[in-house]
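# Structural characterization, general
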Amino acid sequence: MIPWKTATSAFGKLCLTSSNQRFIHTSPATCSVFMKRQKKIDPEIAKTREIRKRKKLEKEIREMMRHSKKPKPVDEMALDVKSAKNLSERIRPPTQLSDEVVDERALVLKEYCRSRSHLMKADEKWIRTSIFLQNKALAELKKLDPKLYEAAIQPDTGSFPQTINGPSLSAPVENYDSPDGEYTDTTRTWS
Amino acid sequence: MRFTHVARSSWDIMASVIIHRPPIVAPQMTAIEKRYAAVQSQIEKENSLLNDYEIKSKKDQILLERKAKLEAAGRDLSELEGELEVTNQMREQEWQNKATQLAKRYKFDDAEKIEGDVDEKDEKRLADKELVLVVKQRYGREDGYQSPWQFPEISTRQGEPLRQSAERCVGELLMGDVSIQGNAPISVFTLRYPKPMADAKKKSGSKVFFYNAILGAKTAIKLNTTEFPEYAWVSAEEFVKRVPGTDYRSAVRTSFLQ
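Residues numbered from 1 in each chain as written. Chains lettered and ligands numbered in written order. Predicted model: local features only at pLDDT ≥ 70, side-chain atom pairs only at ≥ 80, totals over all residues. Heavy atoms only, no water.

### A look at the overall build of chain B
When helices and strands are counted, chain B shows eight helices and seven strands. Within the span of chain B, comprising 258 residues, buried residues form 36% of the whole. Within chain B, contacts between residues separated by at least 24 positions form 68% of all contacts whose residues are at least 6 apart in sequence. (Helix = DSSP H or I, 4+ residues; strand = E, 2+ residues; numbered from the N terminus. Buried < 20%, exposed > 50% of the residue type's maximum accessible area, 1.4 Å probe, protein only. Contact = heavy atoms within 4.5 Å.)

### Side note on unusual backbone geometry
Residues and elements named next belong to chain B. Although it is not a glycine, Y139 adopts a positive phi angle of roughly 55°. Position of Y139 relative to the elements: it lies in the loop between β2 (131–136) and β3 (153–155). We note that K202 has phi near 65°; this positive angle belongs to a residue other than glycine. For K202, the location among the structural elements is in the loop between α6 (195–201) and β6 (205–221). Looking at K202, the relative accessible area reads 68%, which means it is exposed.

### Focus on the pattern of salt bridges
In total, this model carries 19 salt bridges over all chains according to the counting rule given. Notably, a salt bridge pairs E58 of chain A with R54 of chain A, separated by 3.8 Å at the nearest N-O pair. Of this pair, E58 of chain A and R54 of chain A both sit in helix α2 (residues 43–69), separated by four residues, roughly a single helical turn. Relative accessible area serves as the criterion here: at 41%, E58 of chain A is assigned to the partly exposed category. By sharing partners, the salt bridges in this structure join D156 of chain A together with R163 and E167 of chain B into a single network. (Salt bridge = Lys/Arg side-chain N within 4 Å of Asp/Glu carboxyl O.)

### Thoughts on the packing of helix α5 (residues 99–144) of chain A against helix α1 (residues 31–46) of chain B
α1 of chain B packs onto α5 of chain A with a crossing angle of 130° between their chain directions and a minimal axis gap of 9 Å. Here α5 of chain A is positioned oblique relative to α1 of chain B, judged by the angle of their axes. For the element pair α5 of chain A and α1 of chain B, the recorded crossing hand is left-handed. Here E104, R105, V108, L109, E111, Y112, S115 and R116 of chain A of α5 of chain A lie close against α1 of chain B, whose contacting residues are I32, E33, R35, Y36, V39, Q42, I43 and E46 of chain B. Looking at the contact of α5 of chain A with α1 of chain B residue by residue, the class counts come to seven nonpolar, two polar and seven charged. (Axes fitted to C-alpha atoms, helices over the stretch in contact; angles between N-to-C directions. Parallel < 35°, antiparallel > 145°, perpendicular 65-115°, else oblique. Left-handed = near helix turned anticlockwise from the far one by under 90°. Nonpolar A, V, L, I, M, F, W, Y, C, P; charged D, E, K, R; others polar.)

### Observations concerning the environment of A152 of chain A
Topologically, A152 of chain A is positioned in helix α6 (residues 146–152). Placed 80 residues apart in sequence, A152 of chain A and K72 of chain A show a C-alpha to C-alpha distance of 49 Å. Each residue touching A152 of chain A, except ones within four places of it in the same chain, is listed here: L138 and L141 of chain A together with N183, A184 and P185 of chain B.

### Notes on the nonpolar core
I19 and L173 of chain B are the most contacted members of the largest nonpolar core, which has 33 residues in total. Elements with a minimum of two residues in this core: α5 and α6 of chain A together with β1 (11–21), β2, α5 (162–173), β4 (174–180), β6 and β7 (230–234) of chain B. Take this core: its biggest share by element is five residues, from α5 of chain B. Filtering out sequence-adjacent residues up to four positions away, I19 of chain B remains in contact with L131, V132, L133, V170, L173, L174, V178, A213, L215 and W233 of chain B. (Core = buried A, V, L, I, M, F, W, Y, C linked by side-chain atoms within 4.5 Å.)

### Regarding the interface of chain B and chain A
Each side of the interface is counted separately: chain B has 50 residues, and chain A has 44 residues. The junction of chain B with chain A conceals about 4,300 Å² of combined surface from both sides, 61% of it contributed by carbon and sulfur atoms. Contact with chain A buries surface across chain B, with Y36, N183 and T254 of chain B losing the most and accounting together for 13% of the total. For R116 of chain A, the salt bridge is made with E33 of chain B, and the minimal N-O distance between the two is 2.9 Å. At the surface where chain B touches chain A, the tally comes to 18 residue pairs in polar contact (both at pLDDT 80 or more). For the side of chain B that touches chain A, the secondary structure elements donating two or more residues are β1, α1, α2 (52–73), α5, β4, β5 (187–192), β6 and α8 (246–251) of chain B. Ranked by residues supplied to the side of chain B that touches chain A, first place goes to α1 of chain B with nine residues. (Buried area = accessible area lost by both parts, 1.4 Å probe. Polar contact = N/O pair within 3.5 Å; in protein donor to acceptor, adjacent residues only side chain to side chain.)

### Considerations on the domain arrangement of chain B
Taken domain by domain, chain B comprises domain 1 (11–25 + 119–256) and domain 2 (31–107). Between the C-alpha centres of domain 1 of chain B and domain 2 of chain B there is a distance of 57 Å. (Domains from an automatic or database assignment.)

### As for the packing of aromatic side chains
Residues and elements named next belong to chain B. Taken as a whole, this structure holds nine aromatic pairs over all chains when the rule is applied. Plain terms: the ring middles of F151 and F210 are 6.3 Å apart, the flat faces sit at 80° to each other, and that makes the pair edge-to-face. Taken together, the residues span a long stretch of sequence, with F151 in the loop between β2 and β3 and F210 in strand β6 at a distance of 59 residues. Classification of F151 as buried rests on a relative accessible area of 0%. The class of F210 is buried, set by a relative accessible area of 0%. Put simply, the rings of F151, F189, F210, F239, Y248 and F256 touch in pairs and so form one group of aromatic residues. One Lys or Arg, R141, reaches over the ring of Y145 and ends 4.1 Å from the middle of that ring. Its end group placed over the ring of W11, K207 keeps NZ or CZ at 4.5 Å from the ring centre. (Phe/Tyr/Trp six-rings, centres within 6.5 Å; stacked < 30°, edge-to-face > 60°. Lys NZ or Arg CZ within 6 Å of the ring centre and 35° of its normal.)

The structure is reproduced here in structure tokens:
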């Protein structure tokens, strides 16, 4: 009994009777492809216009590609034009390296790599130990006083940005009158 | 059933500050670094082209030989006029003279500044090493007690965050720009009081929380000599020799970057 009633009522909702107009809402068309009045143009003229537009766009794309994809020259590594002209004068006579020199160079390189790797391992160990000790300190602080712990784990926004100047090669001179540091920047930009 | 009473240990909380004076002068290259640098510059030179200065040197060489020949032959030097104006050798001599003058005037390699055992209280000693400040403290006691050499510490006030205590500690020692690194302590050290002291204070000991701080420019020591009778700026090796207690040194081992 009941399902039959709901079926008829559902069907009733699908028809657009005046009593059912609450359920469906229609509005006039608000968008259309044709907005301007179309004038009749000569099809050949239209074609030529299209072709011109297309060519212009293609040219613009080519110009962009030419500049963006090319790798920019590094001024420090490029040979300047004046030097390139007398390149023949600038070539060094090839050096003959003896076996001992070659061996010594290889040994120095190996020893240097070993020393750098040793330093890197020491740095990593230092980082691990620092983190471990800090975590230990914070754990103890938490046990002692939760409020102090909360204060300690706040991010320290006041410290950054921080500028630290590294040590110089020679000791600083007291009361040194440094010369004017003005310069003009001549780096090339491609944009 | 027996209920054992678990005595809760209570601790004094202390904030300590490790004030670093970073090196003023860069340290010398190690032996292997020097050898490697020499080898690399050799290789770079072999693979390079001659520059304008070297071309001029070569030309100067040729002209000097011609001049010597002409003089030997007894002919006048009118041909060479205008070609052999200023040789590179003359230029180098000038530069050398100027360099010695400047070195005499500004004393770049003043060994005293770098190595000299000037005065431990001078913060400019040992310019190529990183120094830390160690003190002897009295903790307000009047019985002539002095702590062994250690980093300066101060007890926290009720509810005061640790970083604020550290800043207060710095304020009692130095005037000027000292930046404390971070809100969190870098390490902790537990000191147990001897029994009479623990009974008197009713605390089992103190927990010292360390903070790192870096000395900025334009700072001056201004500590209260009754509280801090002695102080010194020491390098890492000196620190190891001077400060007793392996546990204490172990707790602060990461404050030295070696």
